[in-house]
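Listed below, chain by chain, are the residues.
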Amino acid sequence: IQKAYIVEGSRIGPLAPPSKAHMALLLHGRAPPDPYAREVALNYRERVLRPYEEQGFVTDVFVSTYAPVQAFASVLQPVATRIVPGEHSSNLLNTLSAVNLLVWYATTRRLTYEQIIMTRCDLLFKQSILPLIASTSFYFAFRESWALWREKKWPNHCHWWNATQRVSDIIHTFPGSW
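Residues numbered from 1 in each chain as written. Predicted model: local features only at pLDDT ≥ 70, side-chain atom pairs only at ≥ 80, totals over all residues. Heavy atoms only, no water.

Would you mind going over the nonpolar core with me for this structure?
Core analysis: the biggest nonpolar cluster contains 28 residues, and Leu25, Leu27, Tyr44, Phe72, Leu76 and Ile117 have the highest contact counts within it. At the level of elements, β2 (22–29), α1 (36–54), β3 (58–65) and α2 (70–76) are the ones that each hand at least two residues to this core. Beyond its immediate chain neighbours, meaning those up to four positions away, Tyr44 contacts Leu25, Leu27, Leu49, Phe72, Leu76, Thr119, Arg120, Cys121, Asp122, Leu123 and Phe125. By size, the runner-up hydrophobic cluster in this structure holds 14 residues, among which are Phe62, Val79, Ala98 and Tyr105. (Core = buried A, V, L, I, M, F, W, Y, C linked by side-chain atoms within 4.5 Å. Buried < 20%, exposed > 50% of the residue type's maximum accessible area, 1.4 Å probe, protein only. Helix = DSSP H or I, 4+ residues; strand = E, 2+ residues; numbered from the N terminus. Contact = heavy atoms within 4.5 Å.)

And the structure:
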C-alpha cells in the first residue's frame, strides 16, 4: 500500500432530517484537469450538495484523488482530502481511501451520517440526484458487463478479469445506518 497524506480542510454547511442530519459526499479517482475541474466541482455543488442543504442537511465532502485539485478545495471545501500517490495506482485503493477518510472523520468527531454518496471525481450530473435516491436503501447505478473488455482481451490481466462482471464505480449511495 502506498503512503498517502491527509489535509484537513474547512467545513461546509441532509430526507426528513433531524436537526443536524449529515450527508457525506465521497469523491474518488482521477479528477479532471483545469479548467474542467472547476466545472465539475460547481456541478457537484449544484446537483449534489445544494439539494441536500436545502432539505436541512449538513454536507461533508471527502476527496481521495491522485493529485491536489485546487478547484475542489475552493468550491467544495472538503473536510478531508487524501492524495494517493501514483496516477496508475489501484482504483480500489483510491475508493477505499475515500471510505477510510469518512470513517476516520466520523469516528474522531462522533458524527453519524444519514446518507452517504460515493462517486467518481470526473462526472457531470444533468439534474439533482436527490429525487433519485431513497434514504433507506442501497443504490448502484448499474452493473458493468465488461463485454467490450472481454472481446478485446484487455491486456495485463489474467483470465478471471475478462470473465468477471463488476459493479460500476459511477455512483453508490447508502444510508448511514449501514
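That shown, we press on.
Any chance you could explain the pairing of strand β5 (residues 115–120) here in plain terms?
Residues in a regular strand point their side chains to alternate faces of the sheet. Across the six residues of β5, five count as buried, placing the element largely inside the fold. Examined bridge by bridge, β2 and β5 share six bridges and lie parallel to one another. Paired with Leu25 across the two strands is Ile117, which belongs to β5. Summarising the sheet, β5 and strand β9 (residues 171–175) pair through five bridges and their orientation is antiparallel. Within β9, the residue paired with Ile116 across the bridge is Phe174. (Pairing = 2+ DSSP bridges.)

Please clarify how the side chain of His28 should be interpreted in this entry.
Here His28 lies in strand β2. Of the residues examined, His28 reaches a relative accessible area of 3% and is grouped as buried. A polar contact of 3.2 Å, which involves the side chain of His28, links it to the side chain of Thr95. (Polar contact = N/O pair within 3.5 Å; in protein donor to acceptor, adjacent residues only side chain to side chain.)

How should the pairing of β2 be read in this particular structure?
Across the eight residues of β2, eight count as buried, placing the element largely inside the fold. Where β2 and β3 come together, eight bridges link them in parallel fashion. Bridge assignment links Leu25 to a residue of β3, and that residue is Val61. Where the polypeptide runs from β2 across α1 and back to β3, its parallel neighbour, the crossover connection is right-handed. (Right-handed = clockwise from strand over helix to strand, strands pointing away.)

What am I meant to see in the pattern of salt bridges here?
Any two side chains of opposite charge can pair, on the condition that their charged atoms come close. All chains considered together, the criterion is met by three salt bridges. As a salt-bridge pair, Arg50 and Glu46 come within 2.3 Å of each other at their nearest N and O atoms. With Arg50 and Glu46 both in helix α1 and four residues apart, the pair spans about one turn of that helix. The class for Arg50 is partly exposed, based on a relative accessible area of 33%. (Salt bridge = Lys/Arg side-chain N within 4 Å of Asp/Glu carboxyl O.)

In this structure, what is going on with the side chain of Thr95? I would like to understand it.
Counting through the fold element by element, Thr95 comes out in helix α3 (residues 91–109). Residue class for Thr95 comes out buried when judged on its relative accessible area of 14%. Residue contacts for Thr95: discarding those within four places in its chain leaves His28 and Met118.

Would you take a moment to explain the environment of Phe174 for this structure?
Summarising the element assignment, Phe174 is placed in strand β9. Accessibility expressed as a relative area gives 8% for Phe174, which makes it buried. Taking the C-alpha atoms as reference, Phe174 lies 8.6 Å from Met118; in sequence the two are 56 residues apart.

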